[in-house]
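One-letter residues, chain by chain:
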Amino acid sequence: MDRHRQFETLAVGHGEDPAETQRGDVVSPIHLASTFAAPELDTEMSLDDVDPDAGEFVYSRLNNPTRHALERRLAALEGGDHGFAFASGTSAIATAIFAAVEPGDHVVAFDDLYAGTRRMLEALFRDSLGVDVSFVDATDPDNVADAIRPETTFVWMETPTNPLMKLCDVEAIADIADDAGVRFGVDNTFLSSYFQQPLDLGADIVAHSTTKYLNGHSDSLGGALVTSDDAIAEQVGFLQQVGLGNVLAPFDAYLTLRGTKTLSPRMRDHEANALAIAEYLDDHDQVAAVHYPGLDSHPQHDLADAQQSGYGGILSVELEGTIEDAKRFVDALDEFALAVSVGGVESLVELPAAMTHEPIPRAEREEMGITDTLVRLSIGIEAVEDLVADLDRGFDAMTRETVTN
Ligand SMILES: *Cc1c(COP(=O)(O)O)cnc(C)c1O
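Just so it is clear, the structure is predicted and the values come from calculations on it, not from any experiment.

Reading the values: rules and limits
- Sequence order as written defines the numbering, with residues in each chain counted from 1.
- In keeping with the predicted nature of the model, local features appear solely for residues at pLDDT of at least 70, side-chain atom pairs appear and are counted solely at 80 or more, and the whole-chain, interface and lining totals rest on all residues.
- Hydrogens and water are ignored here; the side-chain numbers use all heavy atoms of the structure.
- Secondary structure counts use DSSP, requiring at least four H or I residues in a row for a helix and at least two E residues in a row for a strand, with both numbered from the N terminus.
- To get the radius of gyration, use the C-alpha atoms; to get the globule rule, take the number of residues to the power 0.38 and multiply by 2.2 Å.
- Residue burial is assigned from relative accessible area. The probe radius is 1.4 Å, only protein chains are included, and a residue is buried under 20% of its type maximum, exposed over 50%, and partly exposed in between.
- Whether two residues touch is decided by their heavy atoms; if any such pair falls within 4.5 Å, the residues are in contact.
- All accessible areas in this document rest on Shrake-Rupley with a 1.4 Å probe, and a residue is counted as covered only by the protein chains that are shown.
- Charge convention: Lys and Arg are scored as positive, Asp and Glu as negative, and His as well as the terminal groups of each chain are ignored.
- Working definition for charges: the position is that of NZ of Lys, CZ of Arg, CG of Asp or CD of Glu.
- Here a residue counts as near a molecule or strand whenever at least one of its heavy atoms sits within 4 Å of it.
- Here a polar contact is recorded for every N or O atom pair within 3.5 Å, except that within protein the pair must consist of a potential hydrogen donor and a potential acceptor, and residues adjacent in sequence are included only if both atoms are side-chain atoms.
- In short, DSSP must find at least two bridges between two strands for them to pair.
- Every axis in this analysis is a line fitted to C-alpha atoms, fitted for helices over the stretch in contact. Angles between the N-to-C directions lie between 0 and 180 degrees.
- Whenever Lys or Arg places a side-chain nitrogen within 4 Å of a carboxyl oxygen from Asp or Glu, that contact is recorded as a salt bridge.
- Looking down the strands as they point away from you, a crossover is right-handed if its path from the first strand over the helix to the second goes clockwise.
- For the purposes of this section, nonpolar cores are sets of buried Ala, Val, Leu, Ile, Met, Phe, Trp, Tyr and Cys residues that join through side-chain atoms within 4.5 Å.
- Pairing of aromatic rings covers Phe, Tyr and Trp, the last counted by its six-membered ring, and requires centre-to-centre distances within 6.5 Å; plane angles under 30 degrees mean stacked, over 60 mean edge-to-face, and any other angle means tilted.

## Description of the overall build of the protein
Consideration 1: Per the secondary structure count, the protein includes 15 helices and 12 strands.
Consideration 2: Since a compact globule built from 405 residues should have a radius of gyration of about 22 Å, the 22 Å found for the protein is in line with a globular shape.
Consideration 3: In the protein, which comprises 405 residues, the share counted as buried stands at 54%.
Consideration 4: Long-range pairs, those at least 24 residues apart, make up 73% of the contacts in the protein with a sequence separation of at least 6.
Consideration 5: Approximately 17200 Å² of the protein is accessible, and the part contributed by carbon and sulfur atoms is 50%.
Consideration 6: Charge-centre separation for the protein: the mean point of 25 positive side chains lies 6 Å from the mean point of 73 negative side chains.

See below:
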């Protein structure tokens, strides 16, 4: 990959090459063709010899020019050699796991994973495919080391986690996995390639839901895997193109290429707004706790400083009161849309106990720290004054009801 240019420069142009198109397009055209005509029959040619970097394409599931441009960019941004674009973050993560396990194997995963990934590991890999899974509190790397067994083939982490913003020490866990000869993957969705580079910290493979920050405009569903390990890349490429065929469509590849161009300034704006809002919430008397790695009060603030180059745009806040108070708060907001997902330019609010983590039994949820009044905010890039005024409206609505009832 191109290691000479800075992140901002790679984000704008890497992977799209005007010289590759007939008319010198400065942005990649959307190549909708499902199949590509060959100039002549080549009886010596094998599919393995097809080189998309030389403009050679056969069939769009195998490779497509728009997707290929995006895959090159995603790899460059993550500091890796091989990028793969998928139909969703979920399909990217499933592919990373399929590439690492077979029946009888064992996976060690963070106990505070994205709820869909946890369900995938339990219902698909464990219950249907016979892959055992241990969920551990990975905020202490020793718990990961203790859970590894002879059958362990994969360690899967996410940092920061959703919605409690817990971190794990990627470098320490990479050493543990390395010593045990176990593959180590990280879901880097929450910080994006801009604020965290797990491959540099020792991870073998990185996943993204590009639905979130990489596309950034809440108008495309997609996922990515990046690795610098040639053997892993071969397994992942087989699954993406032949085993599962879960590729990203050309139009979404175009949207995501477009989204990544502004990743750097968007991430800086998301973070500046999130830090200001975290501080505002931290001082508020209707708030019981704020979870944001950028606050000194975050128990892993130092780890965030050591392994991240920023704190990101997502935080969660535990309100005083009951689920009724939390409902009044979120319903009173105008600027924050009441919606799941994160990472778009617009601010979103959701109540994990009712909207994303509701399948987890209440007692278990509470033990994890996901209380009935825990509210997750994905901070957008609007003017921060308007966002704070909106949160004021939410707190006013809580107080009004408490007084009149
Ligand atoms: C959204 C998300 C996913 C799932 O991605 P989809 O694109 O919705 O399939 C996985 N991990 C994290 C951290 C996410 O935020």
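## As for the site of the ligand
Consideration 1: In the vicinity of the ligand there are 13 residues, among which Thr90, Asp187, Ser209, Thr211 and Lys212 approach most closely.
Consideration 2: In the model, an oxygen atom of the ligand is placed 2.8 Å from a nitrogen or oxygen of the Ser209 side chain.
Consideration 3: One nitrogen or oxygen atom from the side chain of Lys212 is found 2.8 Å from an oxygen atom belonging to the ligand.
Consideration 4: Protein contacts shield 93% of the accessible area of the ligand, which totals 380 Å² for the unbound molecule.
Consideration 5: For the shell around the ligand, the leading source of residues is helix α3 (residues 89-98), giving three residues.

## Here's the deal with the sheet that holds strand β6 (residues 205-209)
Consideration 1: Ordered by their spatial adjacency, seven strands build an open sheet running β1-β7-β6-β5-β4-β2-β3, and the pairing between neighbours is mixed. Where the open sheet ends on each side, the last strands, each with one partner, are β1 (82-86) and β3 (132-136). The sheet shows a mean angle of 20 degrees between the axes of neighbouring strands, direction not considered.
Consideration 2: Here β6 pairs with strand β7 (residues 223-227) via five bridges, running antiparallel. Across the sheet, residue His208 finds its bridge partner in β7, namely Ala224.
Consideration 3: Along the sheet, helix α2 (residues 65-78) makes contact with β1, β6 and β7, crossing β1 at roughly 125 degrees.
Consideration 4: Contacting β4 (152-158) and β5 (183-187), helix α6 (residues 170-180) runs over the sheet at an angle of about 155 degrees to β5.

## A short note on the pattern of salt bridges
Consideration 1: On inspection of all chains with the given rule, the structure shows 18 salt bridges.
Consideration 2: Across the pair Glu8 and Arg268 runs a salt bridge whose closest N-O atoms are separated by 2.9 Å. One end of the pair, Glu8, is in helix α1 (residues 7-13); the other, Arg268, is in helix α10 (residues 263-282), and 260 residues separate them in sequence.
Consideration 3: With a relative accessible area of 32%, Glu8 lands in the partly exposed category.

## A closer look at the pairing of strand β2 (residues 106-110)
Consideration 1: Among the five residues in β2, five count as buried, and that is most of the element.
Consideration 2: The sheet contact formed by β2 and β3 spans five bridges and is parallel. Residue pairing in the sheet places Ala109 in a bridge with Phe135 of β3.
Consideration 3: At this point the chain moves from β2, through helix α4 (residues 115-126), to the parallel β3, and the crossover so formed is right-handed.
Consideration 4: In this sheet, β4 lies alongside β2 in parallel orientation, the contact comprising four bridges. Bridge pairing links Ala109 to Trp156 in β4.

## What to know about the nonpolar core
Consideration 1: Formed by 47 residues in total, the largest nonpolar core has its most connected members in Val155, Met157 and Phe184.
Consideration 2: With sequence-adjacent residues up to four places away left out, Phe184 is seen in contact with Phe154, Val155, Met157, Val170, Ile173, Ala174, Ala177, Gly202, Ala203, Asp204 and Ile205.
Consideration 3: If you look at the next biggest cluster of nonpolar residues, it comprises 30 residues, including Leu281, Val290, Val317 and Met398.

## Some thoughts on the packing of aromatic side chains
Consideration 1: Under the counting rule described, the total for this entry stands at nine aromatic pairs.
Consideration 2: Ring plane angle 65 degrees and centroid distance 5.0 Å describe the contact between Tyr194 and Phe195, whose orientation is recorded as edge-to-face.
Consideration 3: By relative accessible area, Tyr194 is classed as buried at 16%.
Consideration 4: Taken together, the ring pairs in this structure connect Phe7, Tyr194 and Phe195 into an aromatic cluster.

Function cannot be read off these values alone, since they describe shape.
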